[in-house]
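# Understanding the architecture of this molecule
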Amino acid sequence: MVKLVLYMDPLSAPSRAVIYLAKHIGVELEYRIVNLSKRETLKPEFIKMNPMHTVPTLVDGSEVIYDSHAICAYLVEKYTFNDDKLYPKDLVKRAMVNAILHFDSCDLFSPMRSMYVQVLYYDSHELCRTTIASIQQAWLSMERLLAKHAYLCGEHMTIADICCVATISAVDSNAPIEEKAYPKLLDWLKRMRAMPFYNDDGAEALKKRIVEKLAENRKAM
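Residues numbered from 1 in each chain as written. Predicted model: local features only at pLDDT ≥ 70, side-chain atom pairs only at ≥ 80, totals over all residues. Heavy atoms only, no water.

## Topic: helix 8 (residues 201-220)
The test is simple: Only runs of H or I of at least four residues qualify as helices and only runs of E of at least two qualify as strands under DSSP, and these elements are numbered from the N terminus. Helix span, as expected, comes to 1.5 Å for every residue beyond the first. Each residue's exposure class comes from its accessible area (1.4 Å probe, protein chains only) as a fraction of the maximum for that residue type: buried when under 20%, exposed when over 50%, partly exposed otherwise. Our arc is simply the arc of the directions from the helix axis toward the C-beta atoms. Contacts are assigned to residue pairs that have any heavy atoms within 4.5 Å of one another.
Compared with the 28 Å implied by 1.5 Å per residue over 20 residues, the 28 Å span of helix 8 between its first and last C-alpha is a close match. For helix 8, the set of buried residues is Gly202, Ala203, Leu206, Lys207, Ile210, Lys213, Leu214 and Asn217. What you see down the axis of helix 8 is that its buried residues fit within an arc of 135°, all on one side. Opposite its buried face, helix 8 presents the exposed residues Asp201, Lys208, Val211 and Lys219, each directed more than 90 degrees away. Summarising the contacts, the buried residues of helix 8 are in contact with helix 1 (13-25) and helix 4 (91-122).

## What about empty space enclosed by the protein?
For the record, the criterion: A cavity here means a set of 1 Å grid points, computed over protein atoms only, where a 1.4 Å probe fits but cannot escape. A pocket is an open set with protein on both sides within 12 Å along at least 5 of 7 lines, and lining residues have an atom within 4 Å of a point. Grid points are joined across faces, edges and corners, and a volume is the space filled by probe spheres set on the points. Classification convention: Asp, Glu, Lys, Arg as charged; Ala, Val, Leu, Ile, Met, Phe, Trp, Tyr, Cys, Pro as nonpolar; all other residues, Gly among them, as polar.
Inspection of the entire model under this criterion finds 1 cavity of 30 Å³ or more. Counted as a void, the largest cavity has a volume near 40 Å³. Lining the largest cavity we find Val76, Glu77, Thr80, Asp83, Asp84, Tyr87, Lys89 and Arg94. Looking at the lining of the largest cavity, its residues break down into 2 nonpolar, 1 polar and 5 charged.

## Things to note about the packing of helix 4 against helix 6 (residues 159-168)
As a reminder, the rule being used: Think of each axis as a best-fit line through the C-alpha atoms, taken over the contacting stretch in the case of a helix, with angles from 0 to 180 degrees between the N-to-C directions. Note on angle classes: values under 35 degrees are labelled roughly parallel, values over 145 roughly antiparallel, values of 65 to 115 roughly perpendicular, and the remainder oblique.
Their axes nearest at 9 Å, the elements helix 4 and helix 6 cross at an angle of 10°. Considering their axes alone, helix 4 and helix 6 lie roughly parallel with respect to each other. On helix 6, the residues touching Val97, Ile100, Leu101, Asp104, Leu108, Phe109 and Met112 of helix 4 are Ile159, Ala160, Cys163, Cys164, Thr167 and Ile168. Its residues assigned to classes, the contact of helix 4 with helix 6 shows 11 nonpolar, 1 polar and 1 charged.

## Brief notes about the pattern of salt bridges
The criterion, for reference: We define a salt bridge as a side-chain nitrogen of Lys or Arg found within 4 Å of a carboxyl oxygen belonging to Asp or Glu.
Summed over all chains, the structure comprises 11 salt bridges. Taken together, the salt bridges that share partners define one network made up of Asp172, Arg193, Glu204 and Lys207.

## Quick notes on the packing of aromatic side chains
As a reminder, the rule being used: Here the aromatic set is Phe, Tyr and Trp, taking the six-membered ring for Trp, and pairing holds for ring centres within 6.5 Å; pairs whose planes are under 30 degrees apart are stacked, those over 60 apart are edge-to-face, and all others are tilted. For a lysine, the NZ atom is tested; for an arginine, the CZ atom; a charge sits over a ring if that atom is within 6 Å of the ring centre and within 35 degrees of the ring normal.
The final tally for this structure, using the stated rule, is 3 aromatic pairs. Ring centres of tyrosine 7 and phenylalanine 46 lie 6.1 Å apart, and the angle between their planes is 75°; this geometry places the pair in the edge-to-face category. One end of the pair, tyrosine 7, is in strand 1 (residues 4-8); the other, phenylalanine 46, is in helix 2 (residues 44-49), and 39 residues separate them in sequence. A single burial state applies to tyrosine 7 and to phenylalanine 46, both of which are buried. Measuring from ring centre to ring centre gives 5.3 Å for tyrosine 20 and tyrosine 198, while their planes differ by 45°; the resulting arrangement is tilted. Of this pair, tyrosine 20 sits in helix 1 while tyrosine 198 sits in the loop between helix 7 (183-193) and helix 8, and the two are 178 residues apart along the sequence. Judged by its relative accessible area of 12%, tyrosine 198 falls in the buried class. Aromatic ring contacts, followed pair by pair, group Tyr20, Phe197 and Tyr198 into a single cluster. The residue whose ring lies beneath arginine 39 is tyrosine 121, and the NZ or CZ to ring-centre distance is 4.1 Å. Note that arginine 191 overlies the ring of tyrosine 151, its terminal NZ or CZ placed 5.0 Å from the centroid.

As structure tokens, this is what we get:
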């Protein structure tokens, strides 16, 4: 059997999403760290492999798959045979999962990435309040999703839950989730963080790096 290789950065929320899923379904991955802080995804050999120069990137033999959501779907389709819950085959249920994956990309990860990039690479000395407010609007949407079901797409955990928890864990301290306003969301987050596959070391390291870089940028003003 060809060994699966995952190019990743532990500080990357999308990388952690794939790691979480792989652990959950029992797929062994060989990890190769690509340091985003050092712009290692811009090396010619990496761009040749992945023109989008993003992590995570999965190599399965001669095949290269990138984008964390696409990788998660690929792993479920290829390596889970008796579980139709993580990425349902039913078209309506799958459409819902896909919708929440897009929500993760657009409403959670994209604004978070934009805000953190300004700090890490463009010397911003504070987090963008407008972006924080935008992310917090997503909390309201998630609270509504969880009003009727235990998970974001129904009564069972899907890859959408796994991807979202990876993103949220990287930003919740900077875009706080108010307990009174979002009790369902906080309960879901607590349950997801209690899953055997979950590990927040990478998320905590990223948040620590943001705090340190903000201090550096303010000192340099």
